[in-house]
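So the chains spell out like this:
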Amino acid sequence: MTDTILVVNCGSSSLKLALFDQQFKKIASALAERLNNPDAFAHIAGQEAPVPLPTGADHGQALASLVKAFNESGYMSQPPKAIGHRVVHGGETFRESTLVSDDTMTAIEACAELAPLHNPVNLEGIRAMRELFPDIPHVVVFDTAFHLTLPPRAYRYALPEQCYTDWSIRRYGFHGTSHSFMVQEAANRLNQTPATTSIISAHLGNGCSITAIRDGLSVDTSMGLTPLEGLVMGTRSGDVDPGLFDFLAARGISAADAHHMLNYDSGLLGLSGQTNDMRTLCELADHGHEPSRLAIDVFCFRLARYIGAMTSSLDRLDALVFTGGIGENSARVRSQTASHLKLLGVRLDEELNHHHGRISDGRIESPESNYPVLVIPTNEELVIAREANLRAHN
Ligand code: ADP
């Protein structure tokens, strides 16, 4: 049995595990959902039978059950060489992936106020895995760390200084593992080195964000203090007028209800009144459903607007990059977005776009385009596995 690296990604009611070999090839993955609910369940990818869980299993119990199942399936007959944990918010403390110690745990707890839905559950996963594997290195990889190179002009809000100095209110940015992977992969495809590559990276999944990367470093990004700011997303509104909260309060909608509305009932779902799923929206729009067409229009227009805005942070653009479930799979979204970028000279080859760049090493621009346009599948688990391997031995 070769050495393995295990990647743990705990969400609010779910968790994902991925196991990599020494060559960073994924050898197994598993998912647990509806945790802390009576119908919590888990399974290993490719296996029909679910992994038995205690009723109403929490993250720790689900991790213990899945580790046992990996063990019994022969995927992980000895402890992994290192474990990489995804942590959503590292505040201004964590500039890079870090080996877990008791001090690290305390510092992550201190960032929990900035991500109350995510950091506590991330910590729960780390604690459970440290108990199961006390003698191997655990490494935390932060969604925010890649963006700590943002200059103050990009991360400060135009608010009284106290908001920043006393309450740490600033723009942090998220999806850092995906955006950092994009610049590495784009550099490979363009025969450049990441440290001298400048791209605009659009990560379009259920959550969506866009980042300007200059010479390998994040210099502007669309998400802010929380992952709500910026682009239109599956159920999140993205940018709205901050005056909205007062306006809603005057209509009896509390701050908590407004928060729920903007996070869970808005975005593609809110506009279409049907679904947050882009594939279904495209089908509905094709059948003449106007609200779905509008949802796609607003999504693409906002994205194009942000692409234009991101050029303010760059002095060169080596590629515009699309990734995430929508970015990788929706020719319609890429094409419609590019149609708003004529002034920038972004032009797609619709045949290459239709094939999602899979017949052209990711390239989908036409010869007359001012800039290369790339479709690159993201792989956040791989980034975490690589980081875990690297830090575990430093
Ligand atoms: P998450 O952010 O949860 O990881 P994904 O990156 O998997 O999500 O992206 C999910 C989104 O990708 C959904 O809106 C889904 O409809 C969209 N998507 C996946 N495949 C397609 C497709 N073929 N065409 C359009 N959208 C797609």
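Residues numbered from 1 in each chain as written. Predicted model: local features only at pLDDT ≥ 70, side-chain atom pairs only at ≥ 80, totals over all residues. Heavy atoms only, no water.

Enquirer: Sorry, what's going on with the site of the ligand here?
Expert: Surrounding the ligand, one finds Gly-205, Asn-206, Gly-207, Asn-276, Asp-277, Met-278, Arg-279, Gly-324, Gly-325, Ile-326, Asn-329 and Ser-330. In this structure, an oxygen atom belonging to the ligand sits 2.8 Å away from a side-chain N or O atom of Asp-277. Gly-325 is positioned such that a nitrogen or oxygen atom in its backbone is 2.9 Å from an oxygen atom of the ligand. The protein chains hide 68% of the 580 Å² of surface that the ligand would expose on its own. For the shell around the ligand, the secondary-structure elements that each account for two or more residues are α10 (278–286) and α12 (324–329). Top contributing element to the shell around the ligand by residue count: α12, with four residues. The class makeup of the residues in the shell around the ligand is two nonpolar, eight polar and two charged. (Near = heavy atom within 4 Å. Polar contact = N/O pair within 3.5 Å; in protein donor to acceptor, adjacent residues only side chain to side chain. Areas by Shrake-Rupley, 256 points an atom, 1.4 Å probe, with all protein chains shown as cover. Helix = DSSP H or I, 4+ residues; strand = E, 2+ residues; numbered from the N terminus. Nonpolar A, V, L, I, M, F, W, Y, C, P; charged D, E, K, R; others polar.)

Enquirer: Got a minute to help me understand the UniProt feature "binding site: Mg(2+)" (unreviewed entry) in the chain in this structure?
Expert: Within the UniProt annotation, "binding site: Mg(2+)" (unreviewed entry) is assigned to Asn-9 and Glu-380. For the annotated residues, spread through 372 residues, the largest C-alpha to C-alpha distance comes to 10.0 Å, consistent with a single compact locus. Mapped onto the fold, Asn-9 is located in strand β1 (residues 4–10). Those residues in contact with Asn-9 that sit more than four places away from it in its chain are Ser-14, Leu-15, Lys-16 and Arg-86. (UniProt positions renumbered as here; feature names shortened; annotations may be inferred. Contact = heavy atoms within 4.5 Å.)

Enquirer: Help me out: how do you make sense of the packing of α10 against helix α11 (residues 290–310) in this one?
Expert: How two helices sit against one another is set out by the angle between their axes and by the gap between those axes. Contact geometry for α10 and α11: axes closest at 8 Å, N-to-C directions at 125°. Here α10 is positioned oblique relative to α11, judged by the angle of their axes. Viewed along their axes, α10 and α11 form a crossing whose handedness is left-handed. Taking contact as the criterion, the partners of Met-278, Leu-281, Cys-282, Leu-284 and Ala-285 in α10 are, on α11, Ser-292, Arg-293, Ala-295, Ile-296 and Phe-299. (Axes fitted to C-alpha atoms, helices over the stretch in contact; angles between N-to-C directions. Parallel < 35°, antiparallel > 145°, perpendicular 65-115°, else oblique. Left-handed = near helix turned anticlockwise from the far one by under 90°.)

Enquirer: Would you mind going over the nonpolar core with me for this structure?
Expert: Ranked by size, the top nonpolar core spans 42 residues in total, and within it Ile-200, Leu-204, Ile-210, Met-278, Phe-299, Leu-303 and Leu-320 carry the most contacts. When residues of this core are assigned to their parent elements, the largest contribution, nine residues, is made by α11. Setting aside its immediate chain neighbours within four residues, Ile-210 contacts His-179, Ile-200, Ser-201, Ala-202, Asp-220, Thr-221, Ser-222, Leu-231, Leu-303, Tyr-306, Ile-307 and Met-310. With 28 residues, the next largest nonpolar core counts Leu-6, Val-8, Ala-57 and Ala-69 among its residues. (Core = buried A, V, L, I, M, F, W, Y, C linked by side-chain atoms within 4.5 Å. Buried < 20%, exposed > 50% of the residue type's maximum accessible area, 1.4 Å probe, protein only.)

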